[in-house]
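Each chain, letter by letter, is given below.
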Amino acid sequence: MEGAALFQFLLRMGDNTLILGHRVSEWCGHAPVLEEDIALANTALDLIGQTQMWLGLAAEVEGQGRSADDLAFLRDVWDFRNLLLVEQPNGDFGQTILRQFLFDAWHVEMLRRLTDSSDARIAAIAAKALKEARYHVERSGDTVIGLGDGTDESHARMQAALDRLWPYLGEMFHGDGVDEAMEKAAIAPAAEALRAPVSERIEAVLDKATLSIPETRHARSGGKSGVRHSEHLGHLLTQMQWLQRAYPGATW
Amino acid sequence: MSTEWPLWEVFIRGQHGISHRHVGSLHAPDAEMAMKNARDVYTRRNEGVSIWVVEARHITASSPSDKGPFYEPSHSKVYRHPSFFDIPDEAGHM
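Reference entry: report on the structure contained in this document. Quick caveat: nothing in here was measured; it's all calculated off a predicted structure.

1. Here's the deal with the interface of chain A and chain B
On the side of chain B, 11 residues touch chain A, which itself brings 12 residues to the contact. Buried surface at the junction of chain A and chain B, summed over both partners, amounts to about 1,100 Å²; 54% is from carbon and sulfur atoms. Looking at the side of chain A facing chain B, the largest losses of area belong to A:E35, A:N42 and A:Y135, adding up to 48% of the total buried there. The interface formed by chain A and chain B contains three salt bridges. Of the charged contacts, one joins A:R139 and B:D40 as a salt bridge, the two residues approaching to 2.9 Å between their closest N and O atoms. Counting across the interface, chain A meets chain B through nine residue pairs in polar contact (both at pLDDT 80 or more). Those elements that place two or more of their residues in the side of chain A that touches chain B are α2 (34-62) and α6 (120-148) of chain A. With six residues, α2(A) is the largest single contributor of residues to the side of chain A that touches chain B. For the side of chain A that touches chain B, a count of residues per class yields five nonpolar, two polar and five charged.

In structure tokens, the structure reads:
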């Protein structure tokens, strides 16, 4: 059971960075200014690099002869274990940055704790990824503040993005059997344990950004368990997996 | 109000002990974002260990039209070079 749970946990880590990395890469060549274009591409590449480590370890743990590439390119929607948040469309630049910040805030806290994982392989990946994530959260947080506390238009766009994305935040903190097994083995923290520190960081930034947290208690879930992905993931996969589906085994 | 971000000049120290060198410029709304943009635009291939950014308008540059009075007078003054000393062998290469 633990091997299966560990595999699921690693898919969650790797699918989050894979799907968000792909989403962010969609901006390449389209960002509002050159500096942001390069910064977004750097972030996307960092996330894809982390994906290689997480899915590489997942494949090893699974022991079925699959590679990180097989996991990334040859699974279908229902096999993905990423949070619903990261598969949401880019929207405008503000929505992309807010989604990034909400993820980064959780990611940094998660990775920080994973550096103490009882599994040395996980601790090593987390230590490497944490350095990148700490930069990501600083950059995305500052940009959320700049845009939120900016012009009337940028403020309105950021508030609209927050209203749209807020219901996806709760999924990060809802634990299930996989999380419990990881906590029991001291591999990863309980999902709920991250709620307070992550919320604190998010609220501090939203406050400086003069953005209001939506009243809704509605929380969407179904991504990390894979039972109910949004319709957006399938469309993303048709782009991301197209080449390997059309030309199986193609290399370059 | 201008909607263009100000221009910043970027200086990077490639390794410890070397001075900062001008590497290029970029746009950013403030100094902190200029620093982040410099990190993302100019150090992605491991180019640096330290970054300076300065808003371009704060740099006072010499004018090309002044180049006669500014620089030409020094052309013919070889005595300003410390090349007329005999260096003792013990001092080695200087």
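2. Section: the sheet that holds strand β3 (residues 50-55) of chain B
All names here are of chain B. The antiparallel open sheet is built from three strands, whose spatial order is β2-β1-β3. Sheet topology places β2 (21-27) and β3 at the edges, where each strand pairs with a single neighbour. Across the sheet, the mean angle separating the axes of adjacent strands is 30° when strand polarity is ignored. Sheet topology note: the strand β1 (residues 7-13)/β2 ladder contains six bridges and is antiparallel. Bridge pairing in β2 places V10 opposite G24. This element, helix α1 (residues 31-42), spans β1, β2 and β3 of the sheet and lies at about 115° to β2.

3. Looking at the layout of surface pockets
Estimated volume of the largest pocket: approximately 990 Å³. Taken together, 28 residues line the largest pocket, and the ones lying closest to its centre are A:G146, A:L147, A:S154, B:W5 and B:P29. Breaking the lining of the largest pocket down by element, the ones donating at least two residues are α2, α5 (93-114), α6 and α7 (152-165) of chain A together with α1 of chain B. When residues of the lining of the largest pocket are assigned to their parent elements, the largest contribution, five residues, is made by α6(A). A per-class count over the lining of the largest pocket returns 10 nonpolar, nine polar and nine charged.

4. Examining the side chain of A:D15
Residue and element names in this part refer to chain A. By the element assignment, D15 lies in helix α1 (residues 2-25). We classify D15 as buried; its relative accessible area is 0%. Within the structure, the side chain of D15 is placed 2.8 Å from the backbone nitrogen of R81, a separation counted as a polar contact. For D15, the contacting residues outside a window of four places in its chain are L55, R75, D79, F80, R81 and N82.

5. Section: helix α8 (residues 177-184) of chain A
Residues and elements named next belong to chain A. For α8, the complete set of buried residues consists of V178, D179, A181 and M182. Projected onto a plane normal to the axis of α8, the buried residues spread over an arc of 160° and lie on a single side. Of the exposed residues in α8, those oriented more than 90 degrees away from the buried face are E180 and K184. Considering only its buried residues, α8 is in contact with α1. Here α8 starts with a cap whose side-chain oxygen sits 3.1 Å from the backbone nitrogen of V178, and that cap is D176.

Procedures and definitions
- Residues numbered from 1 in each chain as written.
- Chains lettered and ligands numbered in written order.
- Predicted model: local features only at pLDDT ≥ 70, side-chain atom pairs only at ≥ 80, totals over all residues.
- Heavy atoms only, no water.
- Contact = heavy atoms within 4.5 Å.
- Buried area = accessible area lost by both parts, 1.4 Å probe.
- Salt bridge = Lys/Arg side-chain N within 4 Å of Asp/Glu carboxyl O.
- Polar contact = N/O pair within 3.5 Å; in protein donor to acceptor, adjacent residues only side chain to side chain.
- Helix = DSSP H or I, 4+ residues; strand = E, 2+ residues; numbered from the N terminus.
- Nonpolar A, V, L, I, M, F, W, Y, C, P; charged D, E, K, R; others polar.
- Pairing = 2+ DSSP bridges.
- Axes fitted to C-alpha atoms, helices over the stretch in contact; angles between N-to-C directions.
- 1 Å grid on protein atoms, 1.4 Å probe; cavity = no way out; pocket = protein on both sides within 12 Å on 5 of 7 lines; lining within 4 Å.
- Points joined across faces, edges and corners; volume = space filled by probe spheres on them.
- Buried < 20%, exposed > 50% of the residue type's maximum accessible area, 1.4 Å probe, protein only.
- Arc of directions from axis to C-beta.

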